[in-house]
Amino acid sequence: MVNAVTGVLIECDTTVKAIIKNLDSKHHFIVDDLDDTHVFIVSTWVERLKSELERLLDENAYTISDPKDPKN
Amino acid sequence: MLDTATSEDDTNLLVTIVDTNPLAWQQSATAKIPLSLDDAIRQILIFFNAHMALKHDNKVAAIASHIGHCKFLYPVTDAETHRRQANQYKISKDANAYPNFKDVNDDIIESLRSLMLDTDTPQKNLNDGTSMISGALSMALCYINRIMNQDDLGRIKPRILVLSVSPDSPYQYISIMNAVFSAQKMSIPIDVCKVYGGEVAFLQQASHITGGVYLDVENPQALLQYLLFSFLPERYARNYLCLPNKEQVDFRAACFCHKRIIDIGYVCSVCLSIFCSWSPVCSTCRTKFAFRALPPLAGKGRPAISRTASPAPSAAASPGSSSPMSTT
Amino acid sequence: MSVINFKTNIYDYLETLPIFTFQRLFQKPATCLAIFRLLPAIGRQIVMSILYVENPISLKDIQSWVYKDGHKKLQEALHKLSKLHILEETPEKGLIVNSTFRLEFKNALSGGGEHQSFGLPCATVDKHKVDIAFLDHFASTQWEAILHYMVGTTMTKRPSRGVLNLLQKSDLMNSTASESGLHITNKGFQFLLQDVNTQVWAFLLQYLDMAEMLKMDLVEVLNFLFQLGSLELGQDYSVETLTETQQQMLEDLGDYGIVYRRKKGSRRFYPTRLATTLTSGTSALVTSLSKKETGTAASSAMIAAAEESHDEGGFLILETNYRVYAYTESPLQIAVLNLFIQLKSRFPNMVSGVITRESVRNAFLNGITADQIISYLQTHAHPQMRKRAPLLPLTVVDQIRLWEMERNRVEDKAAYLYKDFNVQADFDAAEKYAKDLDVLLWSNSKQRKMVIAQEAHETLRTYIKRRLAGNRDTG
């Protein structure tokens, strides 16, 4: 029998996908893992996921100028 | 290397050379399909307005190529502007005309009027009653050069339009060709609109060499339509539009000695000057030719450029020889 | 986050107008000329080519005028021409220029008619005559006062009520309950980064919207705006030829610095540079108007022609190491730069700073896009920078774009997941149906799973139910 589930389709690159999977191992919000660049999640988690992603990506970002550097 | 890339934002500078030769216009006004100078100017002014309407910063310049001399019709010098303002030619401002158009039109009409009234200018260079196309071309190029030098951004894309009514003047061959090659070097297209009169070989070559448009007007009464259709497109639009072009270009040259337009002649192997008859010394570079002329054309047709025909076979390719050349 | 689309383009605005408005607009040659200049190059040429042709021209003929690689441009141009109702289609499938447009545009070219649409210069000499430098100063103080108010520098006087009203209506600023004053919005930040001409138009378009609400005649308002674009700088014009609506407009436009009148009720007005460059496209005045010398008067008329065309006034130098040096003292420009540059030091005539990931991200949070930052840097580049190609260091431009992309690494869409189809044929049919409706977001035939847009759920469910039921009946 055909089933229909409501949720949110997330399209992303593979890197982000890996991070999402990692988050999911703790919080379990993925409904269905569709393929490398698509994943289907519960709609209540979208905003939370985005802010988590932002935080994680920020941690890994390299900035050129260090604001504490007195020369700048 | 000049930047020839065009974009939609270019400012277009149209320098128009109007052949104002009164003799030729007289003939044109009485031709089968008549077009007088008055009518022509009226249509040309609308064409100018159309050019300026295309874009806010499009510019025009007009040069009259008159008998024996040429003169800027627009823009006029500061002194001239003051003189005209003093004479109150320009008081009539009205709300029905776009001020930019009106200023240009008024200036051109006024310049033309004074040009036609001015019979005092010594007409020493009358030649054969032909217009000073070469002088006008040089003036146009100088003007363009100046404007381009002031334009750091390279936004101004110039082109030249020649409205010709009079026949070729072989006396001006060398100066015309020099101007044409300068234009080619600066990548300025020269458009030629032949309003009246027969084929003009030099101007055909000019538009061919510089990649301009050449058009013979069949119905001079509809001059404006010809102008709007073929000569209005700016350089950017020309990348996309099919415009009329001359398929068969008359490549004949004029000889340096008698200023005759010739099919076959002699070319100095040092400086490439062209002569219609053989002479022992090149009049341009003073090179002495080490051999005698070929015998005049026999019944066998054109003389072949053969070593046997030359009295100094070994010198045929070296300086000091003169070989016949076909220019067709 | 969705990018807020500005209705800055007068062209987009005109497109929305009904045909009878156009019929009335076309009655003024000044308007015809201004609208004509909005067209793309090929479109302008086509209009000129057939302006004096009385008979309809078939589309095929027009297509034959263009080389093959120009066909896309031609299509675009023809589309715009018909949207603006300049080209009309005859019953016999020919194209012809709108008759009113044809007549009045010809009048514009030849200077005929009795339309008085190009403004009537005053016949008498103004006792309080003002020169161009004064007008430039007036325009820049008025306009910059508005911008200053937006960025919140407190050094200029408050703009008039009408301006404040417009700022609020256009959603460039809004009032918050907690504070008494107005606050700049995301849209306002984007607005600040645009060049003056675009800003003025954005303002005027908003004005048009308001004019409609105030029951002003839209055609008269538009005609007047286009007329302003055709006036001469430094010339005084009489208000005699203006209608009542237009005289009313003069007052509002004075507030924006677009026209100058010595006092209310004066019989004459001067257009400023903001007005005369309205219809000239992108080559508008630069914010630091006061810097521009009017040395053109001294040079000959010929040189003036060339000088006019290159506006200087760029002040920004951007280096490959992301450093920015801005030669400016204007608090307004510094405030704008502060939107996306981390400013480091300030000197009497310049400020310097660095473009960092953090500073650019702040700009993104304010709703500014990477393209806006880049185009701002481009339009305000120092003349020294203009000598190089490409104008801006590629590394910096690319990095700004990358920073923007980085923010949008995930895309989300509310959806329904359909799975567990028993029969492959059922899945294929449902997939095709969804595809035809253009609601299919993702599908995998092997796993028999598909994702469709949320809004199409009901439709698709009904379809699948009916199909399954049908299967059962026949089977």
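Residues numbered from 1 in each chain as written. Chains lettered and ligands numbered in written order. Predicted model: local features only at pLDDT ≥ 70, side-chain atom pairs only at ≥ 80, totals over all residues.

## Considerations on the interface of chain A and chain C
Between chain A and chain C, the residue contacts involve 29 residues of the former and 27 residues of the latter. Elements that contribute at least two residues to the side of chain A that touches chain C include exactly strand E1 (3-12), strand E2 (30-35), strand E3 (38-41) and helix H2 (46-59) of chain A. The dominant element in the side of chain A that touches chain C, judged by the number of residues it contributes, is E1(A), at 10 residues. The residue inventory of the side of chain A that touches chain C, partitioned by class, reads 16 nonpolar, 8 polar and 5 charged. By the bridge criterion, 10 bridges tie E1(A) to strand E13 (residues 410-419) of chain C in an arrangement that is antiparallel. Of the residues in E13(C), the one forming a bridge with A:Leu9 is C:Lys413. (Contact = placed C-beta atoms within 7 Å. Helix = DSSP H or I, 4+ residues; strand = E, 2+ residues; numbered from the N terminus. Nonpolar A, V, L, I, M, F, W, Y, C, P; charged D, E, K, R; others polar. Pairing = 2+ DSSP bridges.)

## Here we look at helix H21 (residues 424-437) of chain C
Residue and element names in this part refer to chain C. Between the first and last C-alpha of H21 there are 20 Å, a value that for 14 residues agrees with the 20 Å anticipated at 1.5 Å per step. The complete set of buried residues in H21 reads Phe 427, Ala 430, Glu 431 and Ala 434. For H21, the arc enclosing every buried residue in end-on projection is 100°, short of the 170-degree limit, so these residues lie on one face. For H21, the exposed residues lying more than 90 degrees away from the buried face are Ala 425, Lys 432 and Asp 436. Among the residues trailing H21, Asp 438 stands out with phi positive, at a value near 65°. (Expected span 1.5 Å × (residues − 1). Buried ≥ 20, exposed ≤ 12 C-beta atoms within 10 Å, placed from the backbone. Arc of directions from axis to C-beta.)

## Notes on the confidence of the model for chain C
Residues and elements named next belong to chain C. Scored by pLDDT, chain C has a mean of 80; 88% of the residues are at 70 or more. In the predicted structure, residues 282-312 sits below a pLDDT of 50 and forms 66 contacts with residues beyond four places in sequence or in another chain. Taken together, the chains of this predicted complex give a pTM of 0.72 and an interface ipTM of 0.80. (pLDDT = per-residue confidence, 0-100.)

## Regarding helix H6 (residues 173-185) of chain B
Residue and element names in this part refer to chain B. Its 13 residues give H6 an end-to-end C-alpha distance of 18 Å, which sits within 8% of 18 Å, the value for a rise of 1.5 Å per residue. Of the positions making up H6, those classed as buried are Tyr 173, Ile 176, Ala 179, Val 180 and Ala 183. End-on view of H6: buried residues confined to an arc of 135°, all on one side of the axis. Buried residues along H6 sit against helix H5 (133-150), strand E4 (156-164), strand E5 (190-194), helix H7 (201-210) and strand E7 (253-254). Residue Ser 187 follows H6 closely and has a positive phi angle near 45°.

## Focus: the interface of chain C and chain B
Where interface size is quoted, it is often the accessible area lost as the parts come together. At the junction of the two partners, chain C supplies 48 residues and chain B supplies 44 residues. Put simply, the parts of the chain that give the side of chain C that touches chain B at least two residues each are helix H3 (29-37), helix H4 (41-51), helix H7 (99-110) and helix H15 (301-309) of chain C. When grouped by side-chain class, the residues that make up the side of chain C that touches chain B number 21 nonpolar, 19 polar and 8 charged.

## Digging into the sheet that holds strand E8 (residues 268-271) of chain C
Pairing between the strands of a sheet comes from backbone hydrogen bonds, and it takes one of two forms, parallel or antiparallel. All names here are of chain C. Taken together, 3 strands build an open sheet; the order of strands is E6-E8-E7 and the sheet is antiparallel. If you trace the sheet from one side to the other, it starts and ends with strand E6 (237-238) and strand E7 (259-260), each paired once. Sheet analysis places E6 next to E8, joined by 2 bridges and oriented antiparallel. Bridge pairing in E8 links Ser 238 to Arg 268.

## Quick word on the domain arrangement of chain C
Residue and element names in this part refer to chain C. When cut into domains, chain C gives domain 1 (2-110), domain 2 (132-276), domain 3 (314-407) and domain 4 (415-474). For domain 2 and domain 3, the distance between their C-alpha centroids amounts to 28 Å. Contact with domain 2, which involves 13 residues of that partner, is made by 11 residues of domain 3. Of all the secondary-structure elements, those providing two or more residues to the side of domain 2 that touches domain 3 are helix H8 (132-151) and helix H10 (186-193). With 6 residues, H10 is the single largest residue contributor to the side of domain 2 that touches domain 3. When grouped by side-chain class, the residues that make up the side of domain 2 that touches domain 3 number 6 nonpolar, 4 polar and 3 charged. (Domains from an automatic or database assignment.)

## Structural notes on the packing of helix H11 (residues 196-213) of chain C against helix H12 (residues 218-229) of chain C
Residue and element names in this part refer to chain C. Taken N-terminus to C-terminus, the directions of H11 and H12 make an angle of 155°; their axes are 10 Å apart at the nearest point. As the angle between them shows, H11 and H12 are arranged roughly antiparallel. In terms of crossing hand, the pair formed by H11 and H12 is right-handed. Counted together, Leu 204, Leu 208, Ala 211 and Glu 212 of H11 and Leu 218, Val 221 and Leu 225 of H12 form the full contact between these two elements. A class-by-class count of the residues in the contact of H11 with H12 yields 6 nonpolar, no polar and 1 charged. (Axes fitted to C-alpha atoms, helices over the stretch in contact; angles between N-to-C directions. Parallel < 35°, antiparallel > 145°, perpendicular 65-115°, else oblique. Left-handed = near helix turned anticlockwise from the far one by under 90°.)

## Some details on the environment of C:Asn444
Secondary-structure assignment places C:Asn444 in strand E14 (residues 440-444). Residue class for C:Asn444 comes out partly exposed when judged on the 15 C-beta atoms lying within 10 Å of it. Those residues in contact with C:Asn444 that lie beyond four places of it in its chain are A:Leu34, A:Asp35 and C:Lys449.

## Focus: the environment of C:Val151
All names here are of chain C. Relative to the helices and strands, Val 151 resides in helix H8. By C-beta crowding, Val 151 is classed as partly exposed, having 18 other C-beta atoms within 10 Å. On a C-alpha basis, the gap between Val 151 and Gly 113 in space is 47 Å, while along the polypeptide they are 38 residues apart. Setting aside its immediate chain neighbours within four residues, Val 151 contacts Ile 184, Leu 192, Leu 332, Ala 335 and Val 336.

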